[in-house]
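# Coordinate analysis (summary)
So the chains spell out like this:
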Amino acid sequence: MAAVEETVGTLKQRERELRQKLSDLRSQRRSLIEELKELRAKRSSLIEEIKGKRAKLREVIENKRKLQGELAKIRKEREEALEKFRQAKDEALKIKQEYEDLVNSVGVPERVLRRRISRLERRIETSPLTKDQERDIVMQISQYEAMLQDLNRAKALKRKLIEMMAEAERWRFFVRDSGEKIGEIKNQLKEIYEYITKEKEELDRRREEIDEISKIINEKSKHVDEMREEMEKIREEIRSIQEEIRHRFEKIVSSSKETERKLKEKLAEEAFKKYKAGEKLTIDELKVLMELGLLEKPAGG
């Protein structure tokens, strides 16, 4: 019996140890689950941050495309304006040369020519001239008038030259202004390129961070599952120990009953011998004989 009780005590000690281990594992697992909650929350926060950055990046990229389109348009307009400036400048130079050639070919100011014509006309009107003299003067007047016509053409050319120079200047200003606008857009695009590069690098870092957190989450989740399996094994072992203890107690109880039965049978046997011999029985001996049916109960008892 002492050996059996010692074995039951050992089992109970083992059960206490297992329950303590189970409690420790449960506490560790709760802490691990809390860590997982924090890691998942951090990962969710990073994912939301990435979504926001991607949305902003899409807006910036769309703006970049618009600026690139505007830049291409202005460059084309500038090239066209530059070509028109060159054409206007070339035309102005051509007109200027034609003007200078006319002025140089005449070689006499307009007022001088008009004085000469007036003087020759008065001479025809006031002086007696021969037909040859009159013809020579008319021819000279015609020559001066032709020179005046050249000067008038030169005046027209000068007006046209001024207009063409104004046209060239207008295109020159457009080329200058569009060049400045191109510079501004290029600066904006440079800032956008730098921002895009920086944000993409930042997104890569965030994705790496998320991957690392996911890796840790997977490892810890696996550990949590392993702990759950270990806890289930411990519970199963505790149940087995409890079953074994119950079984052992049943054996102890059964063994006690058997011993008690044998003692009763022995006592009854001795009491029955005394009864047969007519000896006086004790109350316990009478009870045992009656329980075993070896002695009838007295009437009214």
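Structure first, text after, so check above.
The sections below set out a description of the structure shown in this document. Computed from a prediction, not measured in an experiment: that's the story for all the values here. (Residues numbered from 1 in each chain as written. Predicted model: local features only at pLDDT ≥ 70, side-chain atom pairs only at ≥ 80, totals over all residues. Heavy atoms only, no water.)

Turning our attention to the packing of aromatic side chains. Aromatic rings in a pair are described by how distant their centres are and how their planes are angled relative to each other. On inspection of all chains with the given rule, the structure shows 1 aromatic pair. Between the aromatic rings of tryptophan 171 and phenylalanine 174, the centroid separation amounts to 6.1 Å while the plane-to-plane angle is 75°, which identifies the pairing as edge-to-face. Remark: phenylalanine 174 and tryptophan 171 occur in helix H3 (residues 131-277); sequence separation between them is 3 residues, near one turn of the helix. On the basis of relative accessible area, phenylalanine 174 is assigned to the partly exposed category, the value being 33%. The ring of tryptophan 171 carries arginine 170 above its face, with NZ or CZ at 4.6 Å from the centroid. Here the guanidinium or amino end of arginine 172 rests over the ring plane of phenylalanine 173, the centre of that ring lying 5.0 Å away. (Phe/Tyr/Trp six-rings, centres within 6.5 Å; stacked < 30°, edge-to-face > 60°. Helix = DSSP H or I, 4+ residues; strand = E, 2+ residues; numbered from the N terminus. Buried < 20%, exposed > 50% of the residue type's maximum accessible area, 1.4 Å probe, protein only. Lys NZ or Arg CZ within 6 Å of the ring centre and 35° of its normal.)

This paragraph deals with a positive patch on the surface. A cluster of basic residues, Arg111, Arg115, Arg119 and Arg122, forms a positive patch on the protein surface. For arginine 119, the position within the fold is in helix H2 (residues 110-126). (Patch = residues over 30% accessible without salt bridge, like charges linked within 9 Å, V, L, I, M, F, W, Y side chains within 5 Å. Areas by Shrake-Rupley, 256 points an atom, 1.4 Å probe, with all protein chains shown as cover. Salt bridge = Lys/Arg side-chain N within 4 Å of Asp/Glu carboxyl O. Lys, Arg positive; Asp, Glu negative; His and termini not counted. Charge placed at Lys NZ, Arg CZ, Asp CG, Glu CD.)

Attention now goes to the pattern of salt bridges. In this structure the tally under the stated criterion is 28 salt bridges. A salt bridge links glutamate 169 to arginine 172; the shortest N-O distance between them is 2.5 Å. Highlighted residues: glutamate 169 and arginine 172, both in helix H3, separated by 3 residues, approximately one helical turn. Look at arginine 172 and you get partly exposed, because its relative accessible area is 34%.

Turning our eyes to something else, we now look at the layout of surface pockets. Looking at the largest pocket, its volume works out to about 160 Å³. Around the largest pocket, the lining residues are Phe85, Lys89, Ala92, Leu93, Lys96, Leu161, Met165, Ala168, Glu169 and Arg172. At the level of secondary structure, the elements contributing two or more residues to the lining of the largest pocket comprise helix H1 (2-106) and H3. Within the lining of the largest pocket, the residues separate by chemical class into 6 nonpolar, no polar and 4 charged. (1 Å grid on protein atoms, 1.4 Å probe; cavity = no way out; pocket = protein on both sides within 12 Å on 5 of 7 lines; lining within 4 Å. Points joined across faces, edges and corners; volume = space filled by probe spheres on them. Nonpolar A, V, L, I, M, F, W, Y, C, P; charged D, E, K, R; others polar.)

Among the nonpolar cores identified, the biggest contains 31 residues, and Ile185 and Ile234 are the most heavily contacted of them. Elements represented by at least two residues in this core include exactly H1 and H3. Looking at which element gives the most residues to this core, the answer is H3, with 16 residues. Non-local contacts of isoleucine 234, meaning those with residues more than four positions away in its chain, are made with Leu18, Lys21, Leu22 and Leu25. Counting residues in hydrophobic clusters, the runner-up holds 12 residues, among them Val112, Leu120, Tyr144 and Met147. (Core = buried A, V, L, I, M, F, W, Y, C linked by side-chain atoms within 4.5 Å. Contact = heavy atoms within 4.5 Å.)

Now for the environment of asparagine 63. Tracing the backbone through its elements, the reader meets asparagine 63 in helix H1. Sequence separation of asparagine 63 and isoleucine 192 is 129 residues, and the distance between their C-alpha atoms is 8.7 Å.

A rise of 1.5 Å per residue sets the reference length of H2, with its 17 residues, at 24 Å; its end C-alpha atoms lie 24 Å apart and thus fit the reference within 8%. Of the residues making up H2, those classed as buried are Val112, Leu113, Ile117 and Leu120. Along the long axis of H2, the arc covered by the buried residues comes to 135°, so they all point the same way. Pointing more than 90 degrees away from the buried face of H2 are the exposed residues Arg111, Glu125 and Thr126. (Expected span 1.5 Å × (residues − 1). Arc of directions from axis to C-beta.)

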